Amino acid sequence: MSRDRSGTATRAKRHKRIMLWSLLVMVLGTMLLPLTGYLYVSIVPAQAAQGSHNQGVNPHANYWRAVREGDKGYTSASGPYTTDTLIQNGGENYRNFRNGPISSIGPWVMAVALLAIALFYLIKGTTRVEEPRSGRMLERWSGGERLIHWYTAILFIILEITGLSLLFGRAVLIPLLGIQGFAAWAEFAKVIHNWSGPLFMVGIILEIVAWARYNTFKSYDWDWLKKFGGMLKRGVHAHAGRTNAGEKIWFWFIATFGLIGVCITGLIFDFPNFGQSRETMQWAALIHSSLGVLWIAISFGHIYLGTLGVEEAWQGMTKGEVSEEWMRQHHDLWLEEIKKGGTGQTADKAARDASKRSPGTASS
Amino acid sequence: MARMKFLCDAERCIECNGCVTACKNANEVPWGVNRRRVITLKDGEPGEKSISVACMHCTDAPCAAVCPVDCFYTTPDGIVLHDKDLCIGCGYCFYACPFGAPQYPQKEAFGVRGKMDKCTFCAGGPLPDNSAEEYKKYGSNRIAEGKLPACAEMCATKALLAGDGDMVADIYRKRITKRGGRPKTWGWETAYPPSRS
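Sequence order as written defines residue numbering, which begins from 1 separately in each chain. Whichever chain is written first is A, and whichever ligand is written first is 1; the rest continue in order. Per-residue local features are limited, in this predicted model, to residues with pLDDT of at least 70; the limit for side-chain atom pairs, both in listing and counting, is 80 or more; totals at the level of whole chains, interfaces and linings are taken over all residues.

Moving on: the overall build of chain A. In terms of regular secondary structure, chain A is built from 15 helices and three strands. Partly exposed residues are those whose C-beta has more than 12 but fewer than 20 other C-beta atoms within 10 Å; with 20 or more the residue is buried, with 12 or fewer it is exposed, and the C-beta atoms are placed from the backbone. Taking all 364 residues of chain A together, 25% fall into the buried category. Look at the contacts in chain A between residues 6 or more apart in sequence, and 68% of them connect residues 24 or more apart. Runs of H or I in DSSP of at least four residues are treated as helices and runs of E of at least two as strands, each being numbered from the N terminus. Think of it this way: build a C-beta for each residue from its backbone, and any pair within 7 Å is a contact.

Next comes the structure, spelled out in structure tokens:
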């Protein structure tokens, strides 16, 4: 009886194995067999070429095919926008990518980001400072840092509004403003966008220079990410230095995708007078708009956490000061460093400011 | 209704640039802006061919598709025109156009583009036909006068044809059937091997 059962078991196992193997062979066969065409072409290229020639293919067809693929010629006409290419194909890719994925996925990326934030806010609400406040205040961001931040932030919002107008205005704003009204706004938006872009880039570079040293990844950042910064559960906290892992990711996103992907590509087609080719400008425009939309979507998260999401975070960037309790809850390691006086002037200034604000509690 | 088309017969075009000159003269196009240009392929080599190219008035025009302010429109004759009062000079139509038709006058520093200018099939623009303002912004409106574009009218070898697509096609078909696809001269294939041309 027991042998019988084991016999059926092994048979069932064998069946399963055969089934799996035959399935694998079938899948591999359907995937690999059609590829033998490539093998054939690579083995007999000379013969194939000879064969087609003997069959009397019209050489004119090849001539015009080369033209169709962007062959260059000579033209005696001259001007900044005069090209010697009869037909350029990149434009069709530009059109399909701009009017396709960027226009259809882009708005969804932003909408989903906003919805996710709204939902998170409705469920979790504002993260409050848990300990009662002693009234001791510490410096969070210096005056210079706040200046750079708001300079960049205001320009970012200007660029965001004008950029989105140029990208989606035809679909969204023309029905509202009318075609002439929108054209007037778009003309203004283009000029504003083109002029604030390079100024914004200066702000981004200053920010990177000012904050790069606080944004090197440390081992405790991994823990922060695993706990999602303690945002999900009250009482759960993760270690963080002056900036936490989330802020570091945002920082490096801006330093790479933002600076190189959006700012540099923006310059490429903001200043068309350096002889860059149409292809370069097409790609620059596509990368600029797709990463720009992504940047905007991520910025919603940054803005949320700096305002509604975390109590007192807003004061850190406006007044420059936060309570010691806030600092302990969100940036404990930085607080330790300030207390140790390891940061020199910053900590001195923090202590001085703190004593100025509430002498009674500071001396205790 | 007619569907207006350009066609340039590469076997006839001799790169005289008469069409370019006619265009500039008829439309008072500013310096540096070329509504039409002649491109010579394989210049100075066997198989040299010249073609005059301008806006081809596409049925599904890429320029119109990417324009952020939607300033393009197609006339009932199938001519693609644009409204310079709406154009913001962003340059997107230049990126999208396969033929390099859109041109921009550069008036300001840093290569800031002015309002786009392109071939209108000598059909002016949205302003009143043959008014002074229309001429200043868009050039002549020969279509409203019952004439064809100046470039094709002036073409000495009748390489450049313009007009109703069906009639242009008929003329070209007659030419092709008469002359055949390739020169039939004895020894031509030896002198100019097909692989090189």
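A count of helical and extended segments in chain B gives seven helices and six strands. Scanning chain B from its N terminus toward the C terminus, one meets helices and strands in the order β-α-β-β-α-β-β-α-α-α-β-α-α. For chain B, the spread of C-alpha atoms along the three principal axes comes to 60 × 40 × 30 Å. In chain B, which comprises 197 residues, the share counted as buried stands at 43%. Look at the contacts in chain B between residues 6 or more apart in sequence, and 55% of them connect residues 24 or more apart.

Right, let's talk about the interface of chain B and chain A for a bit. Contacts between chain B and chain A engage 41 residues on the former and 46 residues on the latter. If one sorts the elements of the side of chain B that touches chain A by residue count, strand E2 (residues 37-41) of chain B sits on top with five residues. Residues are sorted three ways: Asp, Glu, Lys and Arg are charged, Ala, Val, Leu, Ile, Met, Phe, Trp, Tyr, Cys and Pro are nonpolar, and all the rest, Gly among them, are polar. Here the side of chain B that touches chain A is composed, by residue class, of 25 nonpolar, 13 polar and three charged. Relative to E2 of chain B, strand E1 (residues 74-75) of chain A runs antiparallel, the two sharing two bridges. By the bridge assignment, Tyr-74 of chain A is partnered in E2 of chain B with Thr-40 of chain B. Here, a strand pair is defined by DSSP locating no fewer than two bridges between the strands.

All names here are of chain B. Covered by surrounding structure in strand E1 (residues 4-8) are Met-4, Phe-6 and Cys-8 only, the residues Lys-5 and Leu-7 on the alternate face being uncovered. Of the strand pairs in this sheet, E1 and strand E6 (residues 160-164) are connected by five bridges, and their pairing is antiparallel. Bridge pairing links Met-4 to Asp-164 in E6.

This paragraph deals with the packing of helix H7 (residues 174-211) of chain A against helix H9 (residues 245-270) of chain A. Angle between the axes and distance between the axes: these two values describe a pair of packed helices. All names here are of chain A. All axes here are fitted lines through C-alpha atoms, helices being fitted over the stretch that makes contact, and every angle between N-to-C directions spans 0 to 180 degrees. Here H7 crosses H9 at 150°, and the two axes come no closer than 10 Å. It follows from the interaxial angle that H7 and H9 lie roughly antiparallel. Relative to H9, H7 is oriented so that their crossing is left-handed. Contacts between H7 and H9 involve Asn-194, Gly-197, Pro-198, Met-201, Ile-204, Ile-208 and Trp-211 from the former and Phe-251, Ile-254, Ala-255, Gly-258, Leu-259, Cys-263, Gly-266, Leu-267 and Asp-270 from the latter. Classifying every residue of the contact of H7 with H9 gives 11 nonpolar, four polar and one charged. Angle categories are assigned with fixed cut-offs, so that under 35 degrees is roughly parallel, over 145 is roughly antiparallel, 65 to 115 is roughly perpendicular, and the rest are oblique. Helix crossings get a hand from a simple test, with the near helix turned counterclockwise from the far one by less than a right angle marking a left-handed crossing and a clockwise turn marking a right-handed one.

Before going further, it helps to examine the confidence of the model for chain A. All names here are of chain A. When pLDDT is averaged along chain A, the result is 87, and 88% of the positions lie at 70 or above. The quantity known as pLDDT measures the predictor's confidence residue by residue, on a range of 0 to 100. Looking over chain A, one finds the lowest element-wise mean pLDDT in helix H15 (residues 359-363), namely 40, and the highest in helix H6 (residues 143-172), namely 96. Low pLDDT, under 50, characterises residues 344-348; the stretch is placed with four contacts to residues that sit more than four places away or in other chains. Low confidence marks residues 358-364, where pLDDT is under 50. Its contacts with residues over four positions away, or in another chain, come to eight contacts.

Residue and element names in this part refer to chain A. Their axes nearest at 10 Å, the elements helix H5 (residues 90-124) and helix H10 (residues 278-309) cross at an angle of 5°. With respect to their mutual orientation, H5 and H10 come out roughly parallel. Split by residue class, the contact of H5 with H10 holds 17 nonpolar, seven polar and three charged.

On to unusual backbone geometry, then. Of all residues except glycine, most have a negative phi; of all peptide bonds, most are trans. Of note, Phe-228 of chain A is a non-glycine position whose phi angle comes to about 55°, a positive value. Along the chain, the position of Phe-228 of chain A falls in the loop between helix H8 (220-226) and H9. Residue Phe-228 of chain A is classed as partly exposed on the basis of its 13 C-beta neighbours within 10 Å. Backbone geometry places Glu-28 of chain B, a non-glycine residue, at a positive phi of 50°. Turning to its location among the elements, Glu-28 of chain B is positioned in the loop between helix H1 (18-27) and E2. When the 10 C-beta atoms within 10 Å are taken as the criterion, Glu-28 of chain B is described as exposed.

What follows covers the nonpolar core. In globular proteins that are soluble, nonpolar side chains generally tend to be buried together. Residues Cys-63, Cys-67, Val-69, Cys-93, Ala-96, Cys-151 and Leu-160 of chain B are the most contacted members of the largest nonpolar core, which totals 67 residues. Among the elements that take part in this core, helix H3 (residues 92-96) of chain B stands out by supplying five residues, more than any other. With residues up to four places along the chain from it excluded, the contact list for Val-69 of chain B reads Arg-170, Phe-182, Ala-183 and Ala-186 of chain A together with Leu-86, Cys-87 and Ile-88 of chain B. Met-137, Leu-138, Met-327 and Trp-334 of chain A belong to the second largest nonpolar core, which has eight residues in total. We define the nonpolar core as any set of buried residues of the types Ala, Val, Leu, Ile, Met, Phe, Trp, Tyr and Cys, connected via C-beta atoms lying within 7 Å of each other.

Another aspect to go through is the sheet that holds E2 of chain B. Ordered by their spatial adjacency, three strands build an open sheet running E1(A)-E2(B)-E3(B), and the pairing between neighbours is antiparallel. The two strands at the open ends of the sheet, each matched to only one other strand, are E1 of chain A together with strand E3 (49-53) of chain B. Pairing between E2 of chain B and E3 of chain B: five bridges, direction antiparallel. Counterpart to Val-38 of chain B in the pairing with E3 of chain B is Ser-52 of chain B.

Moving on to H7 of chain A. Residue and element names in this part refer to chain A. By definition here, a helix of n residues has an expected span of 1.5 Å times n minus one. The end-to-end C-alpha separation of H7 is 41 Å, well short of the 56 Å expected for 38 residues at 1.5 Å each. Its axis deflected by about 80° at Gln-180, H7 carries its strongest bend there. Taken residue by residue, H7 has Phe-182, Ala-183, Ala-186, Ala-189, Lys-190, His-193, Gly-197, Phe-200, Gly-203, Glu-207 and Trp-211 as its buried positions. Among the structural elements, H6 and H9 are those in contact with the buried residues of H7. What we call the bend at a residue is the angle made by axes fitted to the seven residues finishing there and the seven residues starting there.

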